[in-house]
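Structural characterization, general
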Amino acid sequence: MLHNAQRRAWAEQGYLHLEGFASAASCDGLRARMAALLDAFDPEGVTTVFATDDQRHAQDRYFLDSGDKIRFFFEAEAFDAAGRLTVEKRHSINKVGHALHDLDPVFDRFSRDPSLASLAGELGLAEPLLLQSMYIFKQPGIGGEVTCHQDSTFLHTEPSSCIGLWFALEDATLENGCLLAEPGGHRRPLAARFRRDGWSTRMEQLDATPLPTAGLLPLEARKGDLIVLHGQLPHRSNANRSARSRHAYTLHLIDGACRYSADNWLQRPASNPLHGFVRTS
């Protein structure tokens, strides 16, 4: 699937922008299915907010137990000071994760398309496993900022093998919070490890050099584009203060030939292990 220039770009820049990878119909199908899941979601008793600037969600069992489930996480600005929702349900959710690819037939079918299996092989994954999936809304007006990070901080293997597949389900621009990345930044050492201990987590700093917060390259994308991210590539996105949402679907892969760290936050029970592009029983 990849030509030589793309392979060089992946090695040199740590990301690929593959235009028109998914059809408009496929994107619309994921959006329609998520709308149905949202309609069926009862928010009563669910209050977990996902925000990268405070990580309070990372001490919450609802989040920590989501590795093999479909769970809904709110935008911080969807609530008032008294903890009441100030927007309608469909505009209040930050993201849905983390096993859409295993538990929902529409997302399963999209995530296990043979073209993605071929791409994973070309990117060097010997035994690709589908680890985590997220539907990200970037809600109009209140879509939260995602601070600069490296995916391998949270999804760590030895040796490093994490790859992120980020699908634009709507046009992503600077105005509504497109991805921003540091070309070549995947050559940096891993800055930190996000470690789990039972039902709590902690961030351990590994390298004193701070990740960049400015001067990153905007990765504006059209609906259907796929952006592939190396696990050590620093990237972020701004808050969305525009009137337009920025829906995206993200799938993270790891290599089953590598050791998945036992203290990663995302863990699955032995009875429900990770699967590759072809499901095993």
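Here, the structure is the one placed above.
Below: a short report on this structure. (Residues numbered from 1 in each chain as written. Predicted model: local features only at pLDDT ≥ 70, side-chain atom pairs only at ≥ 80, totals over all residues. Heavy atoms only, no water.)

Structurally, histidine 235 can be placed in strand E13 (residues 235-237). Here histidine 235 falls in the buried class, since its relative accessible area comes to 5%. Within the structure, the side chain of histidine 235 is placed 3.4 Å from the side chain of aspartate 151, a separation counted as a polar contact. A polar contact is formed between the side chain of histidine 235 and the backbone oxygen of leucine 233, at a distance of 2.9 Å. Beyond its immediate sequence surroundings of up to four residues, histidine 235 is in contact with Thr147, Cys148, His149, Asp151, Leu180, Ala181 and Leu229. (Helix = DSSP H or I, 4+ residues; strand = E, 2+ residues; numbered from the N terminus. Buried < 20%, exposed > 50% of the residue type's maximum accessible area, 1.4 Å probe, protein only. Polar contact = N/O pair within 3.5 Å; in protein donor to acceptor, adjacent residues only side chain to side chain. Contact = heavy atoms within 4.5 Å.)

Restricting attention to buried positions, one finds in helix H1 (residues 4-13) the residues Gln6, Ala9 and Trp10. Angularly, the buried residues of H1 cover 100° about the axis, an arc narrow enough to put them on a single face. Buried-residue contacts for H1 involve strand E1 (15-18), strand E7 (163-168) and strand E12 (226-230). Remark: glycine 14 follows H1 within two positions and exhibits a positive phi of approximately 85°. (Arc of directions from axis to C-beta.)

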